[in-house]
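The residues making up each chain are set out below.
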Amino acid sequence: MKHRYGVITRAPQIVAFIFSLSISLAASADWFDDAKAANAAGNYPEAVAALKIGVDQGYAFAQYNLGTMYDNGRGVPQDYKQAATWYRKAADQGYALAQYNLGFMYDNGEGVPQDYKQAVAWYRKAADQGYAMAQFVLGVMYRDGEGVPQDYKQAVAWTRKAADQGYALAQYNLGVMYYNGQGVPQDYKQAVAWYRKAADQGFANAQSNLGLMYDKGLGVPQDDKQAVAWYRKAADQGVALAQYNLGSTYYNGQGVPQDYEQAVTWYRKAADQSNAFAQFNLGFMYVNGQGVPQDYVQAHMWWNLAAVSGYEDAITNRDSIAKEMNSAQIAEAQKLAGEWKPTD
């Protein structure tokens, strides 16, 4: 059994302090160089002091960066209300990064009451200036119907704008939309094309999905070796579903020599992240002694953990194996399951 990730949700991490943009400053704007140097040296109070000089002169760039200092608690106590205040001043001057960040604050209710309509309004201002991250998030808002009526065609339109700028999350989301036929006709070849663009940038979920497309022969010729290659890239980045799928390729000998020990290794990585399918398969391998010594206690534990997720087959298997165990073994298995904690 193989599984696919869904579309990414919510906005990316808020944009931080930035000095890499070309801006027009008066020749006497020493505050800019002072703030840049202080920030690079980690002397945040001095950076704040220099930025305030730029703020007093009305520079949107300084207002934006002062907002990031309050947002992150650098050189000043963290204060989301102050961050929103300074983002708004810069945003009102048309500064795209500040417009995006103010949208983010409304989106998440940080420093302002949560208000999806206001979030959309500010995201749109930044998106209309060509800011790819804002275009991406605006696509998500249309897809989810937050702050705007749900509209998959608008979601695709904004996602495509960001994807065309090379934004990997947008490329991935556009691939999912083509896969599901949301706002566009279902088209596996287009899904593969957009997954590949994001995957080539190292985006792990896209790599996982691309592996599955090769695995199933959707939009590309079926190719077990290519499936394994892409699963491995995503699995190495910690994607639980890719780890599970890679474990299955080793279990079945698809694209790699059959290797139960490797199957156990990858199933365990996914199981440790609470992937119920991997937990179920790991229990199966312990029962049969495949890649590990036969161990009913471990099998019971892993099936018990999968059962917590509502996996019906795991419940059936756990209850069945319990009939072959004594009370001490069952107690030990239950203790292990109770003490188990997922990895971060």
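Provided above is the structure to which this section pertains.
Report on the accompanying structure. (Residues numbered from 1 in each chain as written. Predicted model: local features only at pLDDT ≥ 70, side-chain atom pairs only at ≥ 80, totals over all residues. Heavy atoms only, no water.)

**Some points on the overall build of the protein**
Link 1 in the chain: From N to C terminus, the protein includes 18 helices and 0 strands.
Link 2 in the chain: Along the longest, intermediate and shortest principal axes, the C-alpha atoms of the protein span 80 × 45 × 35 Å.
Link 3 in the chain: A total of 344 residues make up the protein; the buried ones form 52% of that total.
Link 4 in the chain: If you take every contact in the protein between residues at least 6 apart in sequence, the share linking residues at least 24 apart comes to 54%. (Helix = DSSP H or I, 4+ residues; strand = E, 2+ residues; numbered from the N terminus. Buried < 20%, exposed > 50% of the residue type's maximum accessible area, 1.4 Å probe, protein only. Contact = heavy atoms within 4.5 Å.)

**A word on helix α15 (residues 276–288)**
Link 1 in the chain: Compared with the 18 Å implied by 1.5 Å per residue over 13 residues, the 19 Å span of α15 between its first and last C-alpha is a close match.
Link 2 in the chain: Listed as buried for α15 are Ala 276, Ala 278, Gln 279, Phe 280, Asn 281, Leu 282, Gly 283, Met 285, Tyr 286 and Val 287.
Link 3 in the chain: The inward-facing, buried residues of α15 abut α13 (240–252), α14 (260–271), α16 (296–308) and α17 (312–322).
Link 4 in the chain: Of the residues that open α15, the one with a side-chain oxygen 3.1 Å from the backbone nitrogen of Phe 277 is Asn 275.
Link 5 in the chain: At the exit of α15 stands Gly 289, carrying a positive phi of roughly 65°. (Expected span 1.5 Å × (residues − 1). Polar contact = N/O pair within 3.5 Å; in protein donor to acceptor, adjacent residues only side chain to side chain.)

**Considerations on the packing of aromatic side chains**
Link 1 in the chain: Per the counting criterion, the structure on display carries 19 aromatic pairs.
Link 2 in the chain: Aromatic side chains Tyr 100 and Tyr 131 sit 5.7 Å apart centroid to centroid with 70° between the ring planes, which places their arrangement in the edge-to-face category. Separated by 31 residues along the polypeptide, Tyr 100 in helix α5 (residues 96–108) and Tyr 131 in the loop between α6 (116–128) and α7 (132–144) bring together distant segments of the chain.
Link 3 in the chain: Residue Tyr 100 is classed as buried on the basis of its relative accessible area of 0%.
Link 4 in the chain: Among the aromatic residues, those joined into a cluster by ring pairs are Trp 31, Phe 32, Tyr 59, Phe 61, Tyr 64, Tyr 87 and Tyr 95.
Link 5 in the chain: Between Lys 89 and the ring centre of Trp 86, over which it is positioned, the NZ or CZ distance is 5.6 Å.
Link 6 in the chain: In this structure, Lys 161 is placed above the aromatic ring of Trp 158, and the distance from its NZ or CZ to the ring centre is 5.5 Å. (Phe/Tyr/Trp six-rings, centres within 6.5 Å; stacked < 30°, edge-to-face > 60°. Lys NZ or Arg CZ within 6 Å of the ring centre and 35° of its normal.)

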